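Residue-level structure breakdown
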Amino acid sequence: MAAAGAEAAAEEEKRLPEGDPESGGDSDDEGDSDSSGDGEDEEKENEAEIQRLEEQLSINAFDYNCHLDLIKLLRQEGELVKLRRARQKMSELFPLTEEIWLDWLKDEIKMASEISEREKVYELFERAVKDYICPEIWLEYAQYSIGGIGQEGGIEKVRSIFERALTAVGLHVTKGTALWEAYREFENAILETAQPAPGSIPSPEQQQVLCSQLDKIHTLFRRQLGIPLLDMEASYAEYEEWSEEPIPETTIKNYKKALQQLEKCKPYEEALLGAETPKLAEYQAYIDFEMKAGDPARIQLIYERALAENCLVPDLWARYNQYLDRQLKVKELVLSAHDRAVRNCPWTVGLWIRYLLAMERHRVEHSIISEMFEKALNAGFIQATDYVEIWQAYLDYLRRRVDFTQDSSKELEELRSTFARAVEYLKQEVEERFSESGDPSCTIMQNWARVEARLCNNMQKARELWDNIMTKGNAKYANMWLEYYNLERAHGDTQHCRKALHRAVQCTSDYPEHVCEVLLTLERIEGTLEDWDAAVQKTENRLARVNEQRAKAAEKEAALAKQEEERAEQRKQARAEKKASKKAKKTKIGDKRKADEDDEGEWGQEEELPSKRHRGEGDGVLPEEDMEVETGLFGRGEKPDGPAGPKEKASTSRKDIPKVLHDSSKDKVTVFVSNLSYTMAEPEAKLRELFGSCGEVVDIRAVFNNKGTFRGYCYVQFREEEAARQALALDRTAVEGRPMFVSPCVDKNKNPDFKVFRYSTTLEKHKLFISGLPFSCTKEELEEVCKAHGNVKDIRLVTNRAGKPKGLAYVEYESEAQASQAVLKMDGLTMKDHVIKVMISNPPLRKLPDRPEPGRASLPMAPRQIYGARGKGRTQLSMMPRALQRQSNPVAKAENGMVQNSPAASSDPPAEPKKMSNADFAKMLLKK
C-alpha cells in the first residue's frame, strides 16, 4: 500500500507540469529553469522545516500545534509513509478532531483498492468514531461500507454500521436527519434490486423478500418520526407520499409528541446556532434541560456535542464522567469517556484520578491500571501538589488490593515498594522541576506510617517513618508531634508516648504551651510521681526559655520602633531646615524689603504655608489665602513688561477661582479622576465630553496649584448614581497618551482601609501572567500568539503611570484548560529576541502597612514625598548638620529659621519672632 501510494504520488508529480497551466509548460527555457529553481528551493525549505518539527516533537511529544504543522506539511509534500506515521503518533496522544479524521480517512480511501486495504480503512473508521461522536464521520463510514456490499455478508455489515450510527447520533436534532435519510435510501436501493422484472409474476420467495424489505423501510420511517428532528414535517410528508397504506395511529401519536418535544428543544438549538464559540453557557443550559427530562441517550448525546466543541474544558469532562459513573455505569462507555478525557486534558490531575477509580470500579486488570498510572506521571502536571495527589490515589488503590490478614503477600510488598518510590519521586523528580516536593507535611509518609501501625502492626517501621518526617523540618510544629503522639497512643505504648512528648516540648516553637499541657495530662493520668515531677520541671524550664525569647523579641521590636521614631523625627527636622534654607535664599534674591508687622503670610509658621505635594496627590482646590506666592524673578505680585500670553492669562484666571469646599454627601454621584496630563488644555471641557456618554455631568472640579497650573486630577459630579458607576468603566482609558485613572470618591480620612484595585489579586487559573515582553510588543501581536492555544477573552499590557509599557501582560482565556495548555506551549517562547516567561496568574500578597492598635500611640511617619515616587534610594544619606540633630533645649524648636517659644513655658502672648539675616542663619548652622 505504501509502495502504491508512492508510485501514485510520483506519477501525479510527473503529470502536474504538463496539465497545470500555471506550471509554465508553454514558456521558454529560461522560465522553465526559474520555475524549477524556485521549486527546488521550496522543497529544501519544506524538508528543513519537517526535520525541525520532528526534532521538536522528539523533545516534547505533547506539542499539539507542532503535530498539526507536521501533518499539514507532510500532506503537502505527498510523503505518505511519514504522513501515516505522524498521524498515528498524534492519534496515540490526542483524540483527533473531525477535520483531521476526515482528511486522514479520505487519503486512505483513495489508496485502498484491495480487500485487505479496505479492512484497514474499516479499522481506521472504528478508531475515528471512538474519539468524538461526529455525525459526518458516521455518515462517511456508512457510505464507505456500501462499497463492500458485493462481499459475503456485505449488506448485513452495512445495516449494522447504520444501526450503530443511529444509536450514536440518530438523536442529533440538527444533523440526525441525514443519517436516517441515507439509511432509507440504502434500503430503497435494496428494494429496487428485489423487484421482479416488468411483466413477470414474483415467486412466493420473491414476494416474501419484497414484503420484508417494505417492512424495513416502514419501520425506519416510523422510528424516525418518533424522534424530535429538524424538518421532520418534510419526513412525515415523504412517508405519506411513499406509503400505499394509511399511517398507523400510533405513528401519528408519536410524531405529534416528537413535534412538541422539538418545540421545547428549538430555543436551545437556536441559542447554539447564534452563539459564538465555545458556547459553554448555551450547552450547559441545554444539558440542564435534558437532565430534567431524564432521557440517558439524549443526555449523553448533548454532552458529546458539547465536548466536541469544548474538548479542552476539564470541568465539562468531569461532569460528564460523573454522570456516566453514577447513572449509566456501562463499562465500555464509562472507560471510553474517561480515556478521552485524559487524552484531551492530560494536565488535569483530577481526571486521571477519576479514571483510575473507574478502572478499579469496573475490575480492570492490575497491569492495565498500573500502565495508566505511569502515563499519568508523564502527563506534565503544572503544580507539584498534583503529583502528590496522583501518587496518593494510586497508593490508595494498591492498599485496597492487600489482604492484611496475611503476614506477607505480593500485594503488600508492592504497596511498600510503591510508598518508597513515591517518596523518592517527590524528592528528586518533582523537587527538581518545581523547587519543592509539593508535600511539605509528608502526607504520603504519614499515610505509610498509619498503614504500618494499624494494618501491619509494625510500630517499629512507623516510628522510623515518623523520625524521617521530623528531620524534614517538621519538628517545630506542634500538630506534627501530636499526630505522632496519637498514633503511639493508639498502637504503641506509654513509654514511647512520653518520649515523643518530651521531644515535642523541647522542639516545638509555634505552640509550646499546648504540647506542655498534653504532656502534663499524660503524666496526670498514667505517670508516677517521678514522671510528674520530671514533666513539670521540663515544661517550666521550656516555658521560661520561651518567655525569655519572647521578651527579647519584644525588646528588639520596641528598639526598632524607637529607632524608626527617631529617624522619622530626624526626617521631619531635616524638612523644616530645608524649608528654612529655601526661604533664606529667596530673601537674598528678591527685594530685601521690610515686611509689615502683621504680615504672617510671608514668614509665618510652617502650618500657614501651603504644603508641598506631589503632582496628582491633591484633594481639591487650594484656599484663596494660599494662592499668593512668588512668581518668578519679578517678586511677589510683580509681572514682566509686555502683554501676557494666553497661558499666563489662564494661570491668572485660575487664581481668581473662589474656594470650593468638598461636599461629602455627593460622594456617591462623584468619581475621582487622576493621572491626567499636566499640560491638558481646558480639562473641564475635555472631561465633560469624555464622561458625557455616562450620564448628565453636573460639575467638573479640576484642581490647580497656586500658580494656576493643572495638577492632573479632578472631581466629576453626575446627576445620578448610576452614571457615576458607569463612569468607573472608563478606568485606564488612554487620554492624551496616558492611562486615566477613575475611582470612587471616598474620604480616606473616614475610610483609611479603602483601596481601589481593579484587578484580582488571587489565583486565577484561567489567566496568564507574561513577563519579559519586548516594550514594542502590541496587544494585537500578543493576541496573535496567544489565540493559537485557545479563545482569548482579554489582554492587558501593563504600563506605568505615563502609559509606557513595562514588558508585562495578563492574558485571560475562556477556560482553565486553555490557559494551562498555553503555559506549556508558550513558556520560554522567543518574541523579538526576548525570551518570555509564562505562568498562571497568582499575584503575591500585597504588604499592608502596619496600623497602630487601638489606644496605642502610632509612630510618626515621614511624608512619602521626601523620597520621591520610588522611596528612599540607597545613596540618599542624611545631610542634616549634627548641630541641628541635637537640640539643647527640648522646649524650644527651631523651625524655618526662627525659634518658637512653647506655650507651656509662658502664659504671656507669644512675641513676634525676630527675623534672621543670612549671617544669623549661617551662624545657627555652624553653631557648635
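Residues numbered from 1 in each chain as written. Predicted model: local features only at pLDDT ≥ 70, side-chain atom pairs only at ≥ 80, totals over all residues. Heavy atoms only, no water.

Per an unreviewed UniProt entry, the chain carries the name Spliceosome associated factor 3, U4/U6 recycling protein and comes from Taeniopygia guttata.

We now examine unusual backbone geometry. Note on backbone geometry: most residues besides glycine have negative phi, and most peptide bonds are trans. Note the cis peptide between Thr277 and Pro278, where omega equals 15°. Within the secondary structure, Pro278 sits in the loop between helix 12 (249–274) and helix 13 (280–293). Even without glycine at this site, Asp231 takes up a positive phi of about 60°. Inspection of the secondary structure assignment puts Asp231 in the loop between helix 10 (204–225) and helix 11 (232–242). Judged by relative accessible area, Asp231 falls into the exposed class, the value being 56%. Unlike most non-glycine residues, Asn675 shows phi in positive territory, near 65°. With respect to the helices, strands and loops of the structure, Asn675 is situated in the loop between strand 1 (670–674) and helix 29 (683–691). (Helix = DSSP H or I, 4+ residues; strand = E, 2+ residues; numbered from the N terminus. Buried < 20%, exposed > 50% of the residue type's maximum accessible area, 1.4 Å probe, protein only.)

Let's shift gears to a positive patch on the surface. Taken together, the side chains of Lys578, Lys582, Lys585, Lys586 and Lys707 present a region of like positive charge at the surface. Checked against the element boundaries, Lys578 lands in helix 26 (residues 529–589). The class of Lys578 is exposed, set by a relative accessible area of 54%. (Patch = residues over 30% accessible without salt bridge, like charges linked within 9 Å, V, L, I, M, F, W, Y side chains within 5 Å. Areas by Shrake-Rupley, 256 points an atom, 1.4 Å probe, with all protein chains shown as cover. Salt bridge = Lys/Arg side-chain N within 4 Å of Asp/Glu carboxyl O. Lys, Arg positive; Asp, Glu negative; His and termini not counted. Charge placed at Lys NZ, Arg CZ, Asp CG, Glu CD.)

In this section: the sheet that holds strand 6 (residues 764–771). An order of 7-8-6-11 is seen for the four strands of this open sheet, with the pairing classed as antiparallel. Each of the sheet's edge strands pairs with one partner strand only, and the pair in question is strand 7 (792–799) and strand 11 (837–841). Averaged over all adjacent pairs, the angle separating strand axes in this sheet is 25°, with direction ignored. Across seven bridges, strand 7 lies against strand 8 (residues 805–813) in antiparallel orientation. Residue pairing for strand 8: Val798 is matched across the bridge by Leu808. The strands that helix 31 (residues 779–786) touches are strand 6, strand 7 and strand 8; relative to strand 7, the one it contacts most, it runs at about 135°. Here helix 32 (residues 816–826) sits on the sheet in contact with strand 6, strand 8 and strand 11, set at roughly 30° to strand 6. (Pairing = 2+ DSSP bridges. Axes fitted to C-alpha atoms, helices over the stretch in contact; angles between N-to-C directions. Contact = heavy atoms within 4.5 Å.)

Moving on, we come to the pattern of salt bridges. Applying the stated criterion across every chain, the model contains 44 salt bridges. For the salt bridge of Glu309 with Lys279, the shortest nitrogen-to-oxygen distance reads 3.7 Å. Note that Glu309 is positioned in helix 14 (residues 296–309) and Lys279 in the loop between helix 12 and helix 13, a separation of 30 residues in sequence. In this structure Glu309 comes out as partly exposed when scored by relative accessible area, which is 33%. When salt bridges with common partners are traced through the structure, they connect Arg75, Arg87 and Asp107 into a single cluster.

Look at helix 14: 21 Å from first C-alpha to last across 14 residues, which is about the 20 Å you get at 1.5 Å a residue. Here helix 14 lies mainly inside the structure; ten of its 14 residues are buried. Listing the buried residues of helix 14 in full gives Arg298, Ile299, Gln300, Leu301, Ile302, Tyr303, Glu304, Arg305, Ala306 and Leu307. Buried residues along helix 14 sit in contact with helix 8 (154–169), helix 12, helix 13, helix 15 (314–328) and helix 16 (331–344). At the N-terminal boundary of helix 14, the capping side chain belongs to Asp295, with an oxygen 3.2 Å from the backbone nitrogen of Ala297. (Expected span 1.5 Å × (residues − 1). Polar contact = N/O pair within 3.5 Å; in protein donor to acceptor, adjacent residues only side chain to side chain.)

Moving on, we get to the nonpolar core. The biggest cluster of nonpolar side chains holds 160 residues, and the ones touching the most others in it are Ile137 and Ile390. Per-domain counts for this core show at least three residues from each of domain 1 (43–278) and domain 2 (279–362). By size, the runner-up hydrophobic cluster in this structure holds 22 residues, among which are Leu676, Cys714, Val716 and Leu730. (Core = buried A, V, L, I, M, F, W, Y, C linked by side-chain atoms within 4.5 Å. Domains from an automatic or database assignment.)

A separate point is the packing of aromatic side chains. Each pair of aromatic rings is reported with the distance of its centres and the angle of its planes. Tallied over the full model, the rule gives 31 aromatic pairs. Judged by centre distance (6.1 Å) and plane angle (40°), the rings of Tyr387 and Tyr425 are tilted. A residue pair is termed long-range when its members are at least 10 positions apart, and Tyr387 in helix 19 (residues 384–401) and Tyr425 in helix 20 (residues 410–434) qualify at 38 residues. Comparing Tyr387 with Tyr425 shows no difference in burial state: the two are buried. An aromatic cluster is built from Phe373, Phe381, Tyr387, Trp391, Tyr394, Tyr397, Tyr425 and Phe434, whose rings are joined through pairwise contacts. It is Lys157 that lies over the ring of Tyr122; its NZ or CZ is 3.6 Å from the centre. (Phe/Tyr/Trp six-rings, centres within 6.5 Å; stacked < 30°, edge-to-face > 60°. Lys NZ or Arg CZ within 6 Å of the ring centre and 35° of its normal.)

A few words on the packing of helix 5 (residues 98–111) against helix 6 (residues 115–131). Interaxial distance between helix 5 and helix 6 falls to 10 Å at its minimum, and their mutual angle equals 170°. Between helix 5 and helix 6, the angle falls in the class roughly antiparallel. Across the interface between the two elements, Trp101, Trp104, Leu105, Glu108, Ile109 and Met111 from helix 5 touch Glu117, Val121, Leu124, Phe125, Arg127, Ala128 and Asp131 from helix 6. (Parallel < 35°, antiparallel > 145°, perpendicular 65-115°, else oblique.)

Looking now at the side chain of Asn46. Turning to its location among the elements, Asn46 is positioned in helix 2 (residues 29–59). One polar contact links Asn46 to Glu77, side chain to side chain, over a distance of 2.5 Å. Ignoring any residue separated from it by four or fewer positions in sequence, one finds Asn46 in contact with Leu73, Gln76 and Glu77.

When pLDDT is low, close inspection of the predicted coordinates is not appropriate. The predicted model of the chain averages 80 in pLDDT, with 77% of residues at 70 or higher. Mean pLDDT across the elements of the chain bottoms out in helix 27 (residues 600–603) (36) and peaks in helix 17 (residues 349–361) (97). When the criterion is pLDDT under 50, residues 1–31 qualifies, and its contacts beyond four places in sequence or with other chains add up to 18 contacts. (pLDDT = per-residue confidence, 0-100.)

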